[in-house]
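# Observations on the model geometry
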Amino acid sequence: MRYLPLTEADRGAMLAEIGVASVDDLYKDVPAAARLAGPIAGLPGHRGELEVERALSAMAAKNVAAGSVPNFLGGGAYRHHVPATVDSMIQRGEFLTSYTPYQPEISQGTLQYLFEFQSQVALLTGMEVANASMYDGATACAEAVMMANRVTKRSRALLAGNVHPHYRDTTATLARFTGFEADAGPPDPSGRESLVDRIDETVSCVVVQTPDVFGHVHDLTALSAACKAKGALLIAVVTEAVSLGLLTPPGAMGADIVAAEGQSLGNPLNFGGPHLGLFAVREKLVRQMPGRLVGQTTDADGRRGWVLTLSTREQHIRREKATSNICTNSGLCALAFTIHLTLLGEAGFTRLAQLNHAKAVQLAEKLGDIHGVRLLNDSFFNEFTLRLPRRANKVVNKLAKRGILAGVPAPRLFPDTDGLSDLLVVAATECTSEADMDALCRGLGEVL
Amino acid sequence: MSRIKFTKDHEWIRVEDGIGVVGITEYAQHALGDIVFVELPDLGKDVTQGGNAAVVESVKAASEVYAPVGGEVTAINAELAEEPARVNTDPLGTGWFFKLRIANPAELDGLMDSDAYQTYLERLA
Amino acid sequence: MTETISGHRGLEMDEPLIFELDSPGQSGVDLPAPPAVKSRLGAVKPRGAIGLPGLSEPEVVRHYTRLSRKNYAIDAGFYPLGSCTMKHNPRLNERMARLPGFADLHPLQPLATVQGALELIDTLADWLKSLTGMAAVAMTPAAGAHGEMCGMMAIRAAHDHHGGPPRKRVLVPESAHGTNPATAAALGFTVEAIPATEDGRVDLAALKAKLGFDVAAVMLTNPNTCGLFERDILAIAEAVHQAGAYLYCDGANFNAIVGRVRPADLGVDAMHINLHKTFSTPHGGGGPGSGPVVFSKALAPFVPLPQVVDDGGDFHLAEARDDDDGTALAYGRMKAFHGQIGMFVRALTYSLSHGADGLRQASADAVLSANYVLAKLKGDLNAPFEGPCMHEALFDDKSLKGTGVTTLDLAKALIDEGFHPMTVYFPLVVHGAMLIEPTESESKRAIDQFIATMKGLVARAKGGEAEWFHASPRLAPRRRLDETAAARKPVLKWVKA
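Residues numbered from 1 in each chain as written. Chains lettered and ligands numbered in written order. Predicted model: local features only at pLDDT ≥ 70, side-chain atom pairs only at ≥ 80, totals over all residues.

## Topic: the overall build of chain C
Regarding its fold elements, chain C presents 14 helices and 12 strands. Since a compact globule built from 497 residues should have a radius of gyration of about 23 Å, the 25 Å found for chain C is in line with a globular shape. For chain C, the proportion of its 497 residues judged to be buried stands at 62%. (Helix = DSSP H or I, 4+ residues; strand = E, 2+ residues; numbered from the N terminus. Rg over C-alpha atoms; globule rule 2.2 N^0.38 Å. Buried ≥ 20, exposed ≤ 12 C-beta atoms within 10 Å, placed from the backbone.)

Here is the structure:
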């Protein structure tokens with residue numbers, strides 16, 4: 001048992017020091033009837049590294065890695081190229097195997113990168129303050145709505161139909177159990193839904209995503225003004241962080257809170273998790289913000305340093321009055337994000353965004369030439385929606401058999417909504433090659 | 001002449017012409033340590049005796065400040081937003097929290113006067 | 001004997017912020033020029049300058065390497081952080097999590113292309129159910145606190161479904177972790193504290209007196225936050241169930257008992273499992289975590305979506321309510337997609353490595369090591385409760401009374417001796433608490449070294465060296481930091497001078 005340093009001799013000596021005969025005596029407070037006499041039946045015994053590696057590799061081999069085939073999946077998770085430096089750095093034991101930085105004197109590494117992360121996220125989103133991350137974009141969205149309810153002392157949230165359905169669902173779950181109203185319209189593949197007329201004095205916040213789940217890019221300026229007029233907050237959701245390298249950020253369009261998914265930078269797809277929630281707000285709202293915050297200060301010798309701050313908002317101090325019950329965030333995912341963004345820098349990040357958009361434009365042009373395929377978007381960043389002459393689910397499954405991951409069929413995103421069966425959401429990133437695009441066009445031509 | 005009364009939760013209230021000025025005591029500020037933030041009630045808010053009226057935060061703790069008596073909030077000490085340290089340095093003076101138009105002066109009768117509060121503190125020690 | 005180990009000294013360079021290392025225009029990534037296309041961004045204007053700094057790859061590598069050296073870590077030394085469980089993080093876990101067949105899977109791929117990933121989720125779910133004896137498991141919660149939310153939502157959903165008088169109250173022991181009352185309050189419950197007995201356990205009589213048909217659940221941590229096993233757990237469970245309420249167990253301390261007792265046999269209805277504590281996924285400086293929740297038969301129908309369903313070796317995902325999948329009463333999502341898969345790979349790798357026998361031995365070693373610390377230090381520090389303890393040893397600050405040295409001072413002095421401090425001032429029910437959790441990952445040599453250092457420090461405290469303690473740490477990358485200034489005038493991001 002390679003992970004256990006104690007030898008039998010050690011155990012004997014320690015038991016003697018404690019003054020008991022066996023470890024069972026240490027479990028004497030456990031009701032005898034419930035105590036197990038030996039290992040739990042039905043589970044295997046310990047195994048060496050080689051055997052375990054074989055078992056896990058066999059499971060992995062049953063999957064088709066997105067990078068091994070032409071891949072056009074988006075819908076809230078995007079496959080980008082992550083520089084080798086990122087993974088090498090985050091595997092340093094000092095980052096990987098440290099705890100939440102409760103002892104700041106020996107956690108300055110974590111605290112400084114989180115401070116840098118907060119600064120970068122504030123810049124990207126165009127907001128004044130960002131926290132040290134949330135679980136993922138969907139939970140960030142739900143927490144943003146809860147926060148808006150606290151700030152406005154209202155309890156009705158208005159969600160755009162084209163906010164990612166998982167974000168809407170996550171918010172609806174909290175709404176059901178914490179007692180607020182999450183009023184979400186039906187998805188609108190045309191991207192023309194307007195919420196302005198539905199905002200009144202009972203609305204705590206309006207949640208809108210840009211680019212939205214069908215890829216449409218939205219100007220939030222008018223919506224922001226409408227929110228302000230009624231005393232509601234505007235929450236902007238971003239699921240593709242790379243879009244912030246090219247598009248006017250939500251902060252510059254009047255958003256009060258930005259809830260975003262940061263997986264695109266530094267983090268692999270991971271079959272959906274762990275991902276990285278980004279959360280940014282206006283400065284005046286900072287004390288209502290959930291999540292951890294790192295702040296700058298000085299030490300006893302007057303040197304600059306960092307600490308967790310404003311922690312009175314948190315559950316370990318406020319208990320039943322905390323702004324959120326969250327403890328952990330996505331520390332290591334935030335580290336991967338910030339390293340990738342630091343590598344890119346202003347020039348690299350801007351170019352990455354341009355590259356993504358250009359690839360998507362190229363792809364849209366090629367696909368638009370296929371007979372019977374119609375592009376629904378007037379605007380998009382790196383993802384758009386096609387109307388196919390056949391059911392998208394079937395098309396995608398057929399293409400998967402030919403080794404092409406063609407995109408996300410809309411019914412996969414909205415299993416409870418009718419009328420979307422022929423819609424396919426397609427994404428391109430810097431990883432998408434000409435050959436990939438041609439393979440998709442050829443494949444579609446064959447199965448349609 | 002004003003009179004000052006104290007609660008068991010270590011708030012004080014000084015009454016002048018039907019208006020009560022409320023803050024926390026020397027004992028409370030010392031127990032809390034360095035105050036970093038004070039959350040004050042909205043102007044015009046009606047508070048009830050013993051009800052939540054404000055929150056005072058130190059680095060490691062957040063504590064409710066309860067209304068010593070019921071009434072309507074008529075003024076708040078906005079300067080605490082910039083200088084919460086006043087609660088530490090001058091809790092009975094410039095570190096006041098808010099003013100109340102007292103709804104029912106009889107509620108004052110249940111509070112401690114200065115001597116009774118001192119005795120109360122000695123018993124806590 | 002005062003054993004002194006040098007702390008952080010030398011080799012440490014101060015490191016500026018990335019913003020202060022900016023060479024405008026520089027980049028650590030070479031990207032091709034974008035092909036010329038007609039923009040399709042629509043009415044939204046392209047943004048202007050963002051303000052991000054530019055660094056080359058070598059500068060980036062050096063920056064993060066230098067930052068890393070300012071961190072303490074379990075790889076570098078003893079990390080006896082009670083209730084946090086800093087155990088060894090096997091590197092095989094990391095290798096497996098990075099297999100492209102797991103890491104490079106898109107969550108919305110056709111199910112035929114991700115059968116192995118669904119099998120992985122299902123296999124880990126089976127392990128968790130077997131180890132706890134429970135009927136069902138919700139795999140999606142992203143962390144322990146999220147799992148707690150999930151478990152309490154299921155309890156609410158079950159009460160709502162069964163009807164009857166409204167159950168608004170949740171009972172939580174005084175010593176509970178702060179998330180318990182925070183979670184219950186967030187869900188609209190009124191939280192009431194259950195007092196403790198002299199021996200640090202839940203007061204059964206007081207609990208029974210508070211129970212009634214308006215109580216939705218009792219939230220209990222077992223082993224509790226004082227590191228003690230709740231001896232009356234069977235009687236507690238019976239009383240809770242008689243009142244028609246559910247027993248929620250905070251599984252933060254499951255690592256003490258895995259393989260020794262199954263929560264199902266203790267009458268537990270729901271329990272979250274922090275995969276990092278019991279199954280060795282790395283803490284990563286504060287996440288990502290993963291907090292699956294196991295449920296008794298009574299609560300099994302109320303597991304949230306999505307769920308992996310095994311149709312005889314052919315796996316699918318139940319993403320909408322469906323009678324055939326048994327998800328008619330399931331509630332909605334906790335987060336996007338299907339859970340913290342990367343953490344699942346690590347946890348399953350760990351489980352397969354240890355096996356049922358190894359997990360049982362790991363619990364025993366953790367409990368043995370904690371009791372050893374308790375036995376060796378109880379002459380120096382005051383232990384408020386009789387042993388045996390479970391996986392962590394609790395002391396209060398009684399022995400330091402009159403020395404001018406506080407629990408915090410002792411913790412900070414440990415830093416200069418090369419150790420991460422123990423958990424301090426938690427649980428709140430003990431004055432000046434010090435909670436020491438050695439875990440099963442430490443050798444006897446390492447534990448003895450820690451014990452000797454603690455003895456030496458306590459002797460110095462009692463010897464009147466308070467001033468020396470107040471100035472600790474001296475050797476860390478930073479000395480004590482001014483948290484008051486940080487909170488009074490928050491500086492939360494870099495601002496160009």
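## Some thoughts on helix H1 (residues 57-68) of chain C
Compared with an ideal rise of 1.5 Å per residue, which puts 12 residues at 16 Å, H1(C) spans 17 Å between its outermost C-alpha atoms and is within 8% of the ideal. Taken as a whole, H1(C) has its buried residues at Val60(C), His63(C), Tyr64(C), Leu67(C) and Ser68(C). Each buried residue of H1(C) lies within a common arc of 130° when the element is viewed along its axis, so the set occupies one face. Packed against the buried residues of H1(C) are helix H4 (84-90), helix H5 (93-96), helix H6 (108-125) and helix H11 (331-368) of chain A. (Expected span 1.5 Å × (residues − 1). Arc of directions from axis to C-beta. Contact = placed C-beta atoms within 7 Å.)

## Things to note about the packing of helix H5 (residues 144-162) of chain C against helix H6 (residues 179-186) of chain C
Residues and elements named next belong to chain C. One can describe the packing of H5 onto H6 by two numbers: an axis separation of 10 Å at closest approach and a directional angle of 45°. It follows from the interaxial angle that H5 and H6 lie oblique. The two elements H5 and H6 meet at a crossing, and its hand is right-handed. Within the contact between the two elements, H5 uses Ala145, Glu148, Met149 and Met152 and H6 uses Thr179, Asn180, Thr183 and Ala184. Counted by class, the contact of H5 with H6 contains four nonpolar, three polar and one charged residues. (Axes fitted to C-alpha atoms, helices over the stretch in contact; angles between N-to-C directions. Parallel < 35°, antiparallel > 145°, perpendicular 65-115°, else oblique. Left-handed = near helix turned anticlockwise from the far one by under 90°. Nonpolar A, V, L, I, M, F, W, Y, C, P; charged D, E, K, R; others polar.)

## Looking at the pairing of strand E3 (residues 181-184) of chain A
Pairing of strand E2 (residues 156-159) of chain A with E3(A) involves four bridges; the strand directions are parallel. Looking at the pairing, Leu159(A) lines up with Ala184(A) of E3(A). (Pairing = 2+ DSSP bridges.)

## Things to note about the pairing of strand E13 (residues 423-427) of chain A
All names here are of chain A. Buried residues dominate E13, accounting for five of its five residues. Alternating residues of E13 divide into Leu423, Val425 and Ala427 and Leu424 and Val426, and every residue in both groups is buried. Pairing of strand E11 (residues 383-387) with E13 involves five bridges; the strand directions are antiparallel. Following the sheet pairing, Glu383 is matched in E13 by Ala427. Relative to E13, strand E12 (residues 408-409) is paired through two bridges, and the arrangement is antiparallel. The partner of Pro409 across the bridge, within E13, is Leu424.

## Some details on the sheet that holds strand E4 (residues 35-39) of chain B
Residues and elements named next belong to chain B. A sheet is described by the order of its strands in space; here three strands give the open sequence E4-E6-E7, paired in antiparallel fashion. In the strand order of this sheet, the two ends are held by E4 and strand E7 (62-66), each with one partner. When strand polarity is set aside, the average angle formed by the axes of neighbouring strands in this sheet is 25°. Taken together, the five bridges between strand E6 (residues 52-58) and E7 define a ladder with antiparallel strand orientation. In the strand pairing of E7, Val56 is matched with Ser63.

## Some words on the interface of chain C and chain B
Of the residues lining the interface, four residues belong to chain C; the matching set on chain B comes to five residues. Its residues assigned to classes, the side of chain C that touches chain B comprises one nonpolar, one polar and two charged.

## Some points on helix H12 (residues 444-462) of chain C
Each full turn of the α-helix corresponds to 3.6 residues, which orients residues three or four apart in the same direction. Residue and element names in this part refer to chain C. Here H12 contains 19 residues, and its C-alpha end-to-end distance of 27 Å stays within 8% of the 27 Å for a straight helix at 1.5 Å per residue. Taken as a whole, H12 has its buried residues at Ile447, Phe450, Thr453, Met454, Leu457, Val458 and Ala461. Projected onto a plane normal to the axis of H12, the buried residues spread over an arc of 135° and lie on a single side. The elements touched by buried residues of H12 are helix H10 (341-377), helix H11 (407-416) and helix H13 (466-470). In the stretch just after H12, Gly464 is the one whose phi turns positive, near 85°.

## With respect to the confidence of the model for chain B
Looking at chain B, the pLDDT average stands at 92 and 98% of residues meet or exceed 70. The spread of mean pLDDT over the elements of chain B runs between E7(B), the lowest at 89, and strand E8 (residues 71-76) of chain B, the highest at 96. (pLDDT = per-residue confidence, 0-100.)

## Quick notes on the interface of chain A and chain C
At the interface, 170 residues of chain A touch 171 residues of chain C. Top contributing element to the side of chain A that touches chain C by residue count: H11(A), with 21 residues. Class assignment of the residues belonging to the side of chain A that touches chain C gives a composition of 83 nonpolar, 56 polar and 31 charged.

## Let's talk about the confidence of the model for chain C
The predicted model of chain C has a mean per-residue pLDDT of 94, with 98% of residues at 70 or higher. Among the scores for the predicted complex, ipTM is 0.97 and pTM is 0.96.

## Overview of the sheet that holds strand E3 (residues 190-194) of chain C
Residue and element names in this part refer to chain C. Reading across the sheet, the seven strands line up as E1-E7-E6-E5-E4-E2-E3 and stay open at both edges, with mixed pairing between neighbours. At either end of the open sheet lies a strand with only one pairing partner, and these are strand E1 (136-138) and E3. Averaged over all adjacent pairs, the angle separating strand axes in this sheet is 25°, with direction ignored. In terms of strand pairing, strand E4 (residues 215-221) meets strand E5 (residues 246-250) through five bridges, oriented parallel. What sits directly across from Val218, in E5, is Leu247.

## Structural notes on unusual backbone geometry
All names here are of chain C. The amide bond that connects Asn222 to the next residue, Pro223, takes the cis arrangement and shows omega of -5°. Structurally, Pro223 is set in the loop between E4 and helix H8 (233-242). Of the consecutive residues Ser472 and Pro473, the connecting peptide bond is found in the cis state with omega at -5°. Summarising the element assignment, Pro473 is placed in the loop between H13 and helix H14 (483-488). You will see that Ser280, though not glycine, has its phi angle at about 65°, which is positive. Tracing the sequence through the fold places Ser280 in the loop between helix H9 (275-278) and strand E7 (293-295). Residue class for Ser280 comes out buried when judged on the 25 C-beta atoms lying within 10 Å of it.

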